[in-house]
Amino acid sequence: MKTFQNWSGDVKSSPKEWLFPAEEAEIIQIVHSAREKGNKIRVIGSGHSFTALVHSDSILVSLDRFSGVVSVDKEKLQATVKAGTKIHELGKLLWAEGMALENQGDIDQQSVAGALSTGTHGSGITFGSLATQIRGIRMITASGEPLECSETLNADIFKAAQVSMGMLGIITHFTLQLVPAYKLHYHASKTTVKECMSQLTTLKQNNRNFEFYYFPYTEIAQVKIMNETQEAPQPYGLANYLSDMVLENGLFQIMSTISKYVPGTTTGISKLAGLGASSASRKCWSHNAYPTARLVRFHEMEYNIPAENFEEVFREVKKCIEKNRFRVHFPLECRFVKSDDIWLSPAYQRESAYIAAHAYQGMPYKEYFGALEQIYHRYGGRPHWGKLHTCKSEYLSQNYPMWESFLKIRRRLDSGNIFLNGYLESLFL
Ligand SMILES: Cc1cc2nc3c(=O)[nH]c(=O)nc-3n(C[C@H](O)[C@H](O)[C@H](O)COP(=O)(O)OP(=O)(O)OC[C@H]3O[C@@H](n4cnc5c(N)ncnc54)[C@H](O)[C@@H]3O)c2cc1C
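Calculation rules
Residues numbered from 1 in each chain as written. Predicted model: local features only at pLDDT ≥ 70, side-chain atom pairs only at ≥ 80, totals over all residues. Core = buried A, V, L, I, M, F, W, Y, C linked by C-beta atoms within 7 Å. Buried ≥ 20, exposed ≤ 12 C-beta atoms within 10 Å, placed from the backbone. Domains from an automatic or database assignment. Contact = placed C-beta atoms within 7 Å. Pairing = 2+ DSSP bridges. Helix = DSSP H or I, 4+ residues; strand = E, 2+ residues; numbered from the N terminus. Axes fitted to C-alpha atoms, helices over the stretch in contact; angles between N-to-C directions. Nonpolar A, V, L, I, M, F, W, Y, C, P; charged D, E, K, R; others polar. Near = placed C-beta within 6 Å.

Of all hydrophobic cores here, the largest spans 113 residues; its most connected members are Val112, Phe174 and Ile355. When residues are assigned to domains, this core turns out to be shared by domain 1 (64-181) and domain 2 (183-383), each giving three or more. Once you skip the residues sitting within four places of it in the chain, Phe174 turns out to touch Val81, Ala83, Val112, Leu116, Ile134 and Ile137.

So, in structure tokens, the structure goes:
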């Protein structure tokens, strides 16, 4: 029996069957067969979610063999893609057609469906989460029938399906709105928290993509910005390799191991990481600019809060870490995202800031994440669906105005709950 383990290693399960359909007809057959036998189905992307979204002791379906671009419309700048396509594959395929995603997150290992279905986002105040790029969805629902939806076709289902964590059916295709292929100039630099805060509005408004990292127990912030450039892409040189692989991964892995086994070193290691935060610069095609290597494994919690509250929340978070002396040496990642109208998107109807906290695999994190969660909840924080949180359905229903509407659509499409596992039942039943 093949055992599933997610990226962080926290979620493990042994599905009765792990299936890899290559054709839509096979996917339909899997749904019919599961219904007849009373089995449940979870769909897996790349297994990068930290929460138990794809935990399954019944049927686990992977669309790894169902990938690629089906068609492109160069006039509308749209493409219809198979849901199992990995984001890194998609980037190359679109580039070959002279097109690109308008924005991405900081890795590209996810499947398109997995990333879109959890509200995955990048950073930049003019961009919504990746799911805002969806123009059409085709999925196989619990009846075994294909269902198509868009802004004009089954529009209520569309708003529910854009971020739906595999609860409405197995998504087979997305039609995505794209932009002409573009190059980005990436620049990372070190500054102080005070300077970063005083320049926050300018940094957000004057850069296409802006985010910053804050190193706990220091006053150091690392600012990362990206802007479009017409200049030629540069080869990935030694300087970038040293910054990405040696400093941010190799050396950080060693420091993390010391922090884990020698508790008294953690704050010092955070300071060292801050001091060593590298400056870097490169120019490349967009699909090569967004992703970073993430070789050091961690637990992660990320919350969406209203952008207008960001500075006070950030100050509280910083103080909370310092006061409680949590054993944390990973920087906090702060990003900014445009509001959208997707029912279960954390950025639903609000300009948003995201704060992500990480803890090295095997180090204690529950008390740390729990303390931050209490702060976020006072500001109506909404958790990233793919990242750790302790929210119950009562809290979520109060913070998602379209919660009940989503539940109605879910019940309508899957009255037998075949697309729910225990974790999702605890939140959505
Ligand atoms: C190192 C790392 C870096 C990350 N960086 C970012 C980031 O920059 N920004 C951000 O927002 N998030 C980030 N994430 C979170 C990540 O993007 C999400 O957890 C995403 O859902 C993972 O995609 P996946 O393909 O692994 O999906 P999985 O985790 O396998 O699945 C996610 C959800 O999608 C559903 N799903 C998958 N395929 C289908 C389908 N065909 N039909 C219907 N439902 C489907 C699953 O059932 C599940 O509910 C990061 C995670 C890690 C581990």
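Turning our attention to the sheet that holds strand 9 (residues 134-140). Strand order across the open sheet formed by five strands is 6-7-11-9-10, with antiparallel pairing between neighbours. Looking at strand neighbours, the two that pair on one side only are strand 6 (69-73) and strand 10 (146-150), the edges of this open sheet. Averaged over all pairs of adjacent strands, the angle between strand axes in this sheet comes to 15 degrees, irrespective of strand direction. Sheet topology places strand 7 (residues 78-82) next to strand 11 (residues 170-177); five bridges connect them, and they run antiparallel. When the bridges of strand 11 are listed, Val81 appears paired with Phe174.

Under the domain assignment used here, the chain contains domain 1 (64-181) and domain 2 (183-383). Contact residues are listed per partner, giving 28 residues for domain 1 and 25 residues for domain 2. The set of elements that each furnish at least two residues to the side of domain 1 that touches domain 2 consists of helix 2 (87-96) and helix 4 (155-161). Within the side of domain 1 that touches domain 2, the residues separate by chemical class into nine nonpolar, 15 polar and four charged.

Near the ligand lie 32 residues; those nearest to it are Gly45, Gly105, Gly114, Gly166 and Gly386. Residue assignment for the shell around the ligand shows that the elements contributing at least two residues are strand 4 (41-44), helix 3 (112-117) and strand 11. Here the shell around the ligand takes four residues from helix 3, the largest share from any one element. Residue composition of the shell around the ligand, by class: 13 nonpolar, 16 polar and three charged.

Attention now moves to unusual backbone geometry. At Met165, a residue that is not glycine, the phi angle is positive and equals roughly 50 degrees. In this structure, Met165 sits in the loop between helix 4 and strand 11. Of note, the phi angle at Arg325 is positive, near 50 degrees, even though the residue is not glycine. Within the secondary structure, Arg325 is located in the loop between helix 10 (310-324) and strand 18 (332-337).

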